[in-house]
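Summary of the model geometry
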Amino acid sequence: MTTPLLPPPVTAAGAVDAALRERGHAVLDAAGLQASLGAAAGALDAWPAYWRRLPPDTHLRDGGRYRQRRHGSFVVAGAAVRAVPHRAHWQPVEYNALHGGIERWFEPLEPALTAEPLWPRLLAMLAARASALRGPQAWFVEAHPFRIDTAGEGGIGRPTPEGAHRDGVDLVAVLLVAREAVKGGETRVFDADGPAGLRFTMSQPWTTLLLDDARVIHETTPIQPID
């Protein structure tokens, strides 16, 4: 018997900045993301193909083979989005006890993805949310397209192998591209300095979770195949 999924607490597109200030988190559904980008329904339909071509993540210290990943870095100032030279992804051990303290070099983003008309618009929209939260400024943005599967690890995939964590940034954005034939994968968001928290499952494509990283910690539980 399949356990019903807890739906995310969706925030209206125009209320995201207030929700981030008041609660430290907000969730957009697909329609809210499209409205935030000024995009028509179906405008992101070509994007999942990029996720099907991600190369393996070779830096998993738990020995796993369940994650594929690319990485890119940008500077965003207002509507201007500029790619910067490819670089390693690095986190201190205080924020990532499993993978912190090492330079992780991933394959760069596909040029065709960053050439998509909505790619710079997405980064600019997210930078605007960060400016509303921290004050107007230029933002350094790291983009991490990744895919979790259950094929190579005894039927278990780990979206956050480091467990509940913060990322050491100003704003975290998690966009669900697809969810196919798996159970688990429950998102959990907790106050960093208190007992309050919530849990839900992002199941619909383009559901988008925004987090004030200074105020909350987050994790996603492991996934297993339904069959």
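Refer to the preceding data block for the structure.
Presented here is an overview of the structure given in this document. (Residues numbered from 1 in each chain as written. Predicted model: local features only at pLDDT ≥ 70, side-chain atom pairs only at ≥ 80, totals over all residues. Heavy atoms only, no water.)

Remarks on the pairing of strand β9 (residues 187-191)
What counts is decided by this rule: Any two strands with at least two DSSP bridges between them are considered paired. Counting from the N terminus, the helices are DSSP H or I runs at least four residues long and the strands are E runs at least two residues long.
As judged from the four bridges shared by β9 and strand β10 (residues 197-200), these two strands associate in the antiparallel manner. Considered in β10, the bridge of Val 189 is made with Leu 198. Hairpin connection, β9 to β10: the antiparallel pair is bridged by five residues. Judged from the five bridges that link them, β9 and strand β12 (residues 216-220) form a sheet pairing that is antiparallel. Within the sheet, the bridge partner assigned to Arg 188 lies in β12 and is Glu 219.

Notes on helix α2 (residues 30-37)
We apply this condition: The rule is simple: take the accessible area with a 1.4 Å probe, protein chains only, and divide by the maximum for that residue type; under 20% is buried, over 50% is exposed, in between is partly exposed. The contact criterion used throughout is that any non-hydrogen atoms of two residues lie within 4.5 Å.
Looking only at α2, the buried set comprises Gly 32, Leu 33, Gln 34 and Leu 37. Against β1 (25-28), α5 (118-134), β7 (171-175) and β11 (208-212) lie the buried residues of α2. Note on α2: the residue one or two positions beyond its end, Gly 38, has a positive phi of about 65°.

Quick word on the pattern of salt bridges
Just so we agree on the cut-off: Here, a salt bridge means any side-chain nitrogen of Lys or Arg that lies within 4 Å of a carboxyl oxygen of Asp or Glu.
In this structure the tally under the stated criterion is eight salt bridges. Among the ionic pairs, Asp 212 bridges to Arg 134, the shortest N-O distance being 2.5 Å. Of the two residues, Asp 212 sits in strand β11 while Arg 134 sits in helix α5, which places them 78 residues apart along the sequence. Judged by its relative accessible area of 3%, Asp 212 falls in the buried class. Assessed through its relative accessible area of 32%, Arg 134 is described here as partly exposed. Arg 188 is paired through a salt bridge with Glu 186; the nearest N and O atoms lie 2.8 Å apart. Within the structure, one salt-bridge network assembled from shared partners comprises Asp 57, Arg 67 and Arg 69.

Section: the environment of Arg 67
As a reminder, the rule being used: By the criterion applied in these results, polar contacts are pairs of N or O atoms within 3.5 Å in which, for protein atoms, one can donate a hydrogen and the other can accept it, and in which residues neighboring in sequence qualify only through two side-chain atoms.
Along the chain, Arg 67 falls in strand β2 (residues 67-69). Overall, the relative accessible area of 6% leaves Arg 67 in the buried class. With 92 residues separating them along the chain, Arg 67 and Pro 159 place their C-alpha atoms 7.9 Å apart. Looking at Arg 67, its side chain comes within polar contact range of the side chain of Asp 57, at 2.8 Å.

Describing the sheet that holds β7
Short version of the rule: Only the stretch in contact is used when fitting a helix axis, every axis being a line fitted to C-alpha atoms; angles between N-to-C directions are given from 0 to 180 degrees.
The antiparallel open sheet is built from three strands, whose spatial order is β1-β11-β7. Both outer strands of the open sheet, β1 and β7, are each paired with one neighbouring strand and no more. Adjacent strand axes in the sheet meet at a mean angle of 15°, parallel and antiparallel pairs treated alike. The pairing of β1 with β11 spans four bridges and is antiparallel. Bridged to Ala 26 within β11 is Leu 210. Sitting on the sheet, α2 is in contact with β1, β7 and β11, with an inclination near 95° to β1. Running at roughly 145° to β7, α5 makes contact with β7 and β11 of the sheet.

Thoughts on the packing of α2 against α5
We apply this condition: Any angle from 65 to 115 degrees is called roughly perpendicular, while one under 35 is roughly parallel, one over 145 is roughly antiparallel, and all others are oblique. Charged residues are taken to be Asp, Glu, Lys and Arg, nonpolar residues to be Ala, Val, Leu, Ile, Met, Phe, Trp, Tyr, Cys and Pro, and polar residues to be all remaining types, Gly included.
Their axes nearest at 9 Å, the elements α2 and α5 cross at an angle of 95°. Relative to α5, α2 is oriented roughly perpendicular. Counted together, Leu 33, Ser 36 and Leu 37 of α2 and Leu 118, Arg 121, Leu 122 and Met 125 of α5 form the full contact between these two elements. A class-by-class count of the residues in the contact of α2 with α5 yields five nonpolar, one polar and one charged.

Structural notes on the packing of aromatic side chains
Convention followed: Stacked, tilted and edge-to-face are the three classes applied to pairs of Phe, Tyr and Trp rings, where Trp contributes its six-membered ring and a pair requires centres within 6.5 Å; stacked means planes under 30 degrees apart, edge-to-face means over 60, and tilted covers the rest.
Within this structure, the stated rule accounts for three aromatic pairs. With 5.9 Å between their ring centres and 45° between their planes, Trp 47 and Trp 119 make a pair best called tilted. Taken together, the residues span a long stretch of sequence, with Trp 47 in the loop between α2 and α3 (48-51) and Trp 119 in helix α5 at a distance of 72 residues. In this structure Trp 119 comes out as buried when scored by relative accessible area, which is 5%. Ring geometry for Trp 47 against Trp 206: centres 6.0 Å apart, planes inclined by 85°, an arrangement best described as edge-to-face. Of this pair, Trp 47 sits in the loop between α2 and α3 while Trp 206 sits in the loop between β10 and β11; the two residues are 159 residues apart in sequence, bridging distant segments of the chain. By relative accessible area, Trp 47 is classed as buried at 2%. For Trp 206, a relative accessible area of 9% corresponds to the buried category. What links up through ring pairs into an aromatic cluster is the set Trp 47, Phe 74, Trp 119 and Trp 206.

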